Amino acid sequence: MSIVAGVDFGTLSVRVTLLDSEKGRLATTSAEYPLKRKREDPDYATQSHHDQMDALVKATRQAIADAGIDGSRIESIALDTTGSSVIPVGETLEPLDDYYLWCDHRAKEEAQQITELAQREHLEAIEWCGGVYSHEWGFAKLLHWLRHNPDKRDRFVTAFEHCDMVAATLCGITDAKQARRSVCAMGHKWMWNPKWDGLPSQEFLSKLDPLFEGIREKLAGRYETSDKLAGHLSPKWGEAMGLRAGIPIPVGAFDAHWDAIGAGCREGDVVNVVGTSTCIIAMQQKASLVPGVCGVVQGSVHPAYTGVEAGLSATGDIFEAIARRAGTKVAELSRGLENYRAGQTGLLRLSWDNGDRTVLVNSELGGVTLGWNLIHTAQDELYAAIEGTAFHTRIILERMAEYGVPVDRVINAGGIPQNNQALNQVYADVLGKPVLVPAGIPTSLGSGIFALLAAGAVPSIEEGQAKMCLSYKTFTPQPNAQATYNRLFEHYRKLYYALGKRDTEPAAIGDVLPELRRIAADAIRRH
């Protein structure tokens, strides 16, 4: 019997779960930290490393108290984080600034320059991240920081992804070269791949901007999958957290990737981690390019498989914005959504409020809602937004399947599916597949499974999943709703590419609004 700690750093809080290898979950607690925004700059989003570490200490101690155990019994701790969340550091790994959080979008110009140069130079790496480099990713954020912080450049030693920074901190590592770097983080967000000896060449990076001269060496180190160790817990942090010093800490990863493991992901599954945004995670034996899909990385989800990542730049954030404009809360606005019928609102919504992460990879897009009349309500818009995020997900899954990624089961993980049954049914009807929802919150279960692996308490990830993963509630497609959504999806797909691509062929869209009215009328008549 072993007890381990699984840690999940989210956008607003850290969650710590204690797992017993035989009894399962013993306790889960969380502690919040502030997200720094600027009203005058909506692209700005940062967080303090110190705030996050303080929250980790608080949540860990509370979890130990809630479980009623001695902290010295905990045999390992594993952690996942948001990403790409980037922090520049100096000597001894002291932070030079706050994290550029995953949802910080200031680096749009830098991302465009990376994309343009990579395409001009025929850089193979750009093809493995969907053909377009995102402003949400590491090199763009680091270049933006270097350009806008000339007074700190002489102290800059390297930059870390959040998961690698926290692991190095807990291990007491003060030499950047000794820190382990996550294959998951660096592969999906920094164009790392052993196929071309790691990161893009220094020649390419220097041509991008002289500020990147020598950056490849500064980002050098051991790149590892999460079945390897980042190190062992230092005495300082062991005392602070109430744990035994010396316990193993595996190399970390991104929250969505480990959430997929915690949700029971296997080859053939697609896991929608639906939260403020949506991360779509799959894994397959082979490694093959998928145009427009932002990451295909060997070992990023499961060390023995190729991880495939896609997603929506905003999901829960869109729902929150609709409720905020209506002066209410999402929970209040969601009451009664289960009584809606497919297409009855007559609205068709494109979920680009925060840009398009996949498959267009275009940060310049904005949300679009078609079909308004004088009596539509905020609740109508919320339902249309749920339908729209489901349609967008279908676009992505069809692209993945087209290029050989197996899509046999769909699992809706993350926080929102636990609390919105209408959303799960809409997704089943739109995708035309049963949607499985864990019977409980799987967040931090994935990190717990990797902690069990690091402690030697399970021989494999699959064994850990068999012991720890939750059962599912299944939402089955309803034939009438599925047929309606197939009609709507044809219009959604046409608009998605017609409005979302600058170089698209002219499209006839004059039939869309009349058809939305007909579909709504049919839905109301059947009801």
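Scroll up a little and you will see the structure.
Rules used throughout
Residues numbered from 1 in each chain as written. Predicted model: local features only at pLDDT ≥ 70, side-chain atom pairs only at ≥ 80, totals over all residues. Heavy atoms only, no water. Pairing = 2+ DSSP bridges. Helix = DSSP H or I, 4+ residues; strand = E, 2+ residues; numbered from the N terminus. Axes fitted to C-alpha atoms, helices over the stretch in contact; angles between N-to-C directions. Parallel < 35°, antiparallel > 145°, perpendicular 65-115°, else oblique. Left-handed = near helix turned anticlockwise from the far one by under 90°. Contact = heavy atoms within 4.5 Å. Nonpolar A, V, L, I, M, F, W, Y, C, P; charged D, E, K, R; others polar. Core = buried A, V, L, I, M, F, W, Y, C linked by side-chain atoms within 4.5 Å. Buried < 20%, exposed > 50% of the residue type's maximum accessible area, 1.4 Å probe, protein only. Polar contact = N/O pair within 3.5 Å; in protein donor to acceptor, adjacent residues only side chain to side chain. 1 Å grid on protein atoms, 1.4 Å probe; cavity = no way out; pocket = protein on both sides within 12 Å on 5 of 7 lines; lining within 4 Å. Points joined across faces, edges and corners; volume = space filled by probe spheres on them.

Asker: Where do I start with the sheet that holds strand β14 (residues 253-254) in this structure?
Answerer: Through backbone hydrogen bonds, the strands of a sheet pair up, either in parallel or in antiparallel fashion. Taken in spatial order, the five strands make up an open sheet running β3-β2-β1-β6-β14, and their pairing is mixed. Every interior strand has two partners, whereas the edge strands, β3 (24-32) and β14, have only one. For strand β6 (residues 74-81) and β14, the ladder comprises two bridges, and the chain directions are parallel. Looking at the pairing, threonine 81 lines up with phenylalanine 254 of β14.

Asker: What's the story with the packing of helix α2 (residues 108-120) against helix α4 (residues 138-148) in this structure? I'm lost.
Answerer: A pair of packed helices can be characterised by two numbers: the angle between their axes and the separation between those axes. Contact pair α2 / α4: the axes reach a minimum separation of 8 Å and the direction vectors enclose 120 degrees. When the axis of α2 is compared with that of α4, the two are oblique. For the crossing formed where α2 meets α4, the hand is right-handed. Along the contact surface, α2 presents Glu110, Ala111, Gln113 and Ile114, while α4 presents Phe139, Ala140, Leu143, His144, Arg147 and His148. Looking at the contact of α2 with α4 residue by residue, the classes come out as five nonpolar, three polar and two charged.

Asker: I'm lost on the nonpolar core in this one. Help?
Answerer: A general tendency of soluble globular proteins is for nonpolar side chains to be buried together. Counting 100 residues, the largest nonpolar core has Tyr133, Phe139, Trp190, Met191, Phe212, Phe319 and Met400 as its most contacted members. In terms of residue count, helix α13 (residues 378-402) provides more of this core than any other element does, 10 residues in total. In contact with tryptophan 190, not counting residues within four places along its chain, are Ser84, Val86, Tyr133, Gly138, Phe139, Leu142, Ala159, Glu161, Ala185, Leu199, Pro200 and Leu219. Counting 42 residues, the second-largest nonpolar core is a separate cluster that includes Leu18, Leu56, Ala168 and Leu170.

Asker: What is the right way to look at the pairing of strand β16 (residues 278-284) in this model?
Answerer: Every other side chain in a regular strand lies on the same face of the sheet, so the side chains alternate between the two faces. In terms of residue burial, β16 counts as a mostly covered element, since seven of its seven residues are buried. Of the two faces of β16, the one holding Thr278, Ile280, Ala282 and Gln284 and the one holding Cys279, Ile281 and Met283 are both buried throughout. The sheet contact formed by strand β15 (residues 269-274) and β16 spans five bridges and is antiparallel. Its bridge partner being in β16, valine 271 is matched across the sheet by isoleucine 281. In this antiparallel pair of consecutive strands, β15 and β16, the connection spans three residues. With seven bridges connecting them, β16 and strand β18 (residues 306-312) associate as antiparallel partners. In the strand pairing of β18, glutamine 284 is matched with threonine 306.

Asker: It is not clear to me how the sheet that holds β15 should be interpreted in this structure. Could you clarify?
Answerer: Pairing in this open sheet of seven strands is mixed, and the strands run β17-β18-β16-β15-β21-β22-β23 from one edge to the other. This sheet does not close on itself; its edge strands, each paired only once, are β17 (295-298) and β23 (472-475). Taken pair by pair, the neighbouring strands of this sheet meet at an average axis angle of 25 degrees, ignoring direction. Each of β15, β16, β18 and β21 (409-413) touches α13; the most contacted strand, β18, lies at about 150 degrees to it. Along the sheet, helix α15 (residues 421-431) contacts β15, β21, β22 (435-438) and β23; its crossing angle with β23, the most-contacted strand, is approximately 55 degrees.

Asker: Help me understand the side chain of histidine 105 in this model?
Answerer: Within the element layout of this structure, histidine 105 appears in the loop between β8 (99-100) and α2. Of the polar contacts made by the side chain of histidine 105, one reaches the side chain of glutamate 136; its length is 2.9 Å.

Asker: I'm lost on the side chain of glutamate 515 in this one. Help?
Answerer: Assignment of secondary structure puts glutamate 515 in helix α19 (residues 512-526). A relative accessible area of 13% places glutamate 515 in the buried class. Once residues within four sequence positions are removed from consideration, glutamate 515 is found in contact with Arg487 and His491.

Asker: Can you help me understand the environment of threonine 306 in this one?
Answerer: Mapped onto the elements of the fold, threonine 306 is located in strand β18. Between the C-alpha atom of threonine 306 and that of glutamate 463, which follows or precedes it by 157 residues, the distance is 19 Å. Ignoring anything within four residues of it in the chain, the contact list for threonine 306 reads Ala282, Met283, Gln284, Gln285, Lys286, Ala287, Val296, Val297, Gln298 and Gly299. At a separation of 3.4 Å, a polar atom in the side chain of threonine 306 contacts the main-chain carbonyl oxygen of lysine 286.

Asker: I tried to follow the pairing of β6 on my own but got confused; where do I start?
Answerer: In terms of burial, β6 is a largely internal element, seven of the eight residues being buried. In terms of strand pairing, strand β1 (residues 3-9) meets β6 through five bridges, oriented parallel. Bridge pairing in β6 places valine 7 opposite leucine 79.

Asker: It is not clear to me how empty space enclosed by the protein should be interpreted in this structure. Could you clarify?
Answerer: The gaps of empty space that remain are located by a probe, the size of a water molecule, rolled over the atoms. Per the counting criterion, the structure on display carries one cavity of 30 Å³ or more. Together, 13 residues line the largest cavity, and Gly187, Trp192, Asn193, Val296 and Val297 are the ones closest to its centre. Contributions of two or more residues to the lining of the largest cavity are made by α6 (183-189) and β17. No other element matches β17, which puts three residues into the lining of the largest cavity.

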